[in-house]
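# Remarks on the overall topology
The residues making up each chain are set out below.
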Amino acid sequence: MVMSIKTIIETLQTIVPELMATAVIPGTSIAIVRGQEIWPRQWGVVNANTNQPVTAQTAFQAASLSKPVFAYAVLQLVTAGYLDLDTPLITCLPTGEQDIDPLFDHIVNEPNLHQITTRHVLSHTPGFPNWATKDTRLKTSFIPGTRFTYSGEGFQYLQRVVAQLLQQKVDQWVHDTVLQPLNMADASFVVTTEDATHVAVGHDKTGKAEPFWEMPEMVSAYSLHCTAVAYAHFLQVMLRPSPITTLMLTPQIQVNASHSGQDGWPDLNAAADPHVSWGLGWGMQTGVNGRLFWQWGDNGIFKAFAAGHVASETAVVILANSQNGDALWRPVLETAFDTDNWPALDWLKRTFD
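Below you will find a few notes about this structure. (Residues numbered from 1 in each chain as written. Predicted model: local features only at pLDDT ≥ 70, side-chain atom pairs only at ≥ 80, totals over all residues. Heavy atoms only, no water.)

### Section: the packing of helix α2 (residues 66-79) against helix α7 (residues 170-179)
The geometry of α2 relative to α7 is characterised by a closest axis approach of 10 Å and an angle of 80° between their N-to-C directions. Between α2 and α7, the interaxial angle falls into the category roughly perpendicular. Only V170, W173, V174, T177, V178 and L179 of α7 make contact with α2, whose side of the interface consists of V69, F70, Y72, A73, V74, Q76 and L77. Residue composition of the contact of α2 with α7, grouped by class: 11 nonpolar, two polar and no charged. (Axes fitted to C-alpha atoms, helices over the stretch in contact; angles between N-to-C directions. Helix = DSSP H or I, 4+ residues; strand = E, 2+ residues; numbered from the N terminus. Parallel < 35°, antiparallel > 145°, perpendicular 65-115°, else oblique. Contact = heavy atoms within 4.5 Å. Nonpolar A, V, L, I, M, F, W, Y, C, P; charged D, E, K, R; others polar.)

### Side note on the side chain of Q295
In this structure, Q295 sits in strand β9 (residues 290-298). Note on Q295: relative accessible area 0%, which makes it buried. The residues contacting Q295, other than those within four sequence positions of it, are S64, L65, P68, Y150, W278, G281, W282, A304, F305 and A306. (Buried < 20%, exposed > 50% of the residue type's maximum accessible area, 1.4 Å probe, protein only.)

### Regarding the pairing of strand β11 (residues 314-320)
Within β11, seven of the seven residues are buried, which leaves the element mostly enclosed by the surrounding structure. Two strands pair when backbone bridges link them, and strand β1 (residues 27-34) and β11 are joined in this way by seven bridges, in the antiparallel orientation. Directly across from I30, in β11, lies its bridge partner I318. Alignment of strand β10 (residues 303-309) against β11, held across seven bridges, turns out to be antiparallel. Each bridged residue has a counterpart across the sheet, and for A304 the counterpart in β11 is L319. (Pairing = 2+ DSSP bridges.)

### A word on empty space enclosed by the protein
Summed over all chains, the structure comprises one cavity of 30 Å³ or more. Of the volumes computed, that of the largest cavity is approximately 40 Å³. In terms of lining residues, the largest cavity is bounded by G35, Q36, Q236, L239, R240 and E313. Partitioned by chemical class, the residues of the lining of the largest cavity number one nonpolar, three polar and two charged. (1 Å grid on protein atoms, 1.4 Å probe; cavity = no way out; pocket = protein on both sides within 12 Å on 5 of 7 lines; lining within 4 Å. Points joined across faces, edges and corners; volume = space filled by probe spheres on them.)

### Some words on the packing of aromatic side chains
Applying the stated rule across the entire model yields 15 aromatic pairs. When the ring of F234 is compared with that of W282, the centres are 6.2 Å apart and the planes differ by 20°; the resulting orientation is stacked. In this pair, F234 is assigned in helix α8 (residues 228-238) and W282 in the loop between β7 (272-278) and β8 (283-287), connecting sequence segments 48 residues apart. Looking at W282, the relative accessible area reads 0%, which means it is buried. When the ring centre of F155 is taken as origin, the NZ or CZ atom of K67, which lies over that ring, is 5.9 Å away. (Phe/Tyr/Trp six-rings, centres within 6.5 Å; stacked < 30°, edge-to-face > 60°. Lys NZ or Arg CZ within 6 Å of the ring centre and 35° of its normal.)

### Observations regarding α2
Because the α-helix completes a turn every 3.6 residues, residues three or four places apart line up on one side. End to end, α2 covers 20 Å across 14 residues, agreeing with the expected 20 Å (1.5 Å per residue, within 8%). With 12 of 14 residues buried, α2 is to be regarded as a mostly interior element. Where α2 ends, the next residue or the one after it, G81, has phi of about 90°, a positive value. (Expected span 1.5 Å × (residues − 1).)

Here it is in structure tokens:
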């Protein structure tokens, strides 16, 4: 049974303040989507030092919720015929570009590099780690497309290729082609101190406010800043069938049940989780109420989560300015979707604990 929006909101009004107090979370902004309607709610403060309240206009770091937005933008290029899902990305560059672009100075495993495609990147199967250790050369650990390994490095590689393909700044292109048309005009992949008046400050585990975090350059994997309402508009688009959303929500790879391999590599002997797969930009799970899509975000002192259920036209986004913000995820999601059957969250716990 689908819970009424009134019941969801009433439940959240009770449990969210209690969770925030227990987990030491200074501020959060949550939006519930049901069809064409959006119900935003905010609690707490932007900055524990100033006690400025969180409002519907407060932007948070969305962290890895950036990835589905960038994926949606890239798939516009795919559906328009400017980029092919299965053509090696390196062939999209001018001849010799790989010899002069600094992107390629720290990538090894040339045979694998020449196989990596847009599909591999968006489904987290290029073979790259999430992030390479600073000052080390980036390398793949398996043949692209054969395994799942969550990879921010893959998204950065794709961003650089898109920049070369378009010959323009990717953040401006995403703003013009996705954010502006989808009622997300106040969202941005670039944030400077000039934006500090409307952007939340992150807090550590004790609730101490950290310095304002500038992101003057776009990082497609994690630099999106937005309000909960803005991201809810994107979730509304994801709930409606279209050539792009169909691509994004079609499973590409089953997710292995563990990432406990040495040095951050996946455990290649782990069995695939029968409930969890990845599409082109979203994680997906199959449960008793059908398929849900989701993405978490973790920028340390900011945590975020977004999920949607197409069959019930329901979605939720959670943005928190705290290192403890993930304490909100399961209770809010179980309330919004009226189910405690969340194997994807169990997978996340196994993976990152």
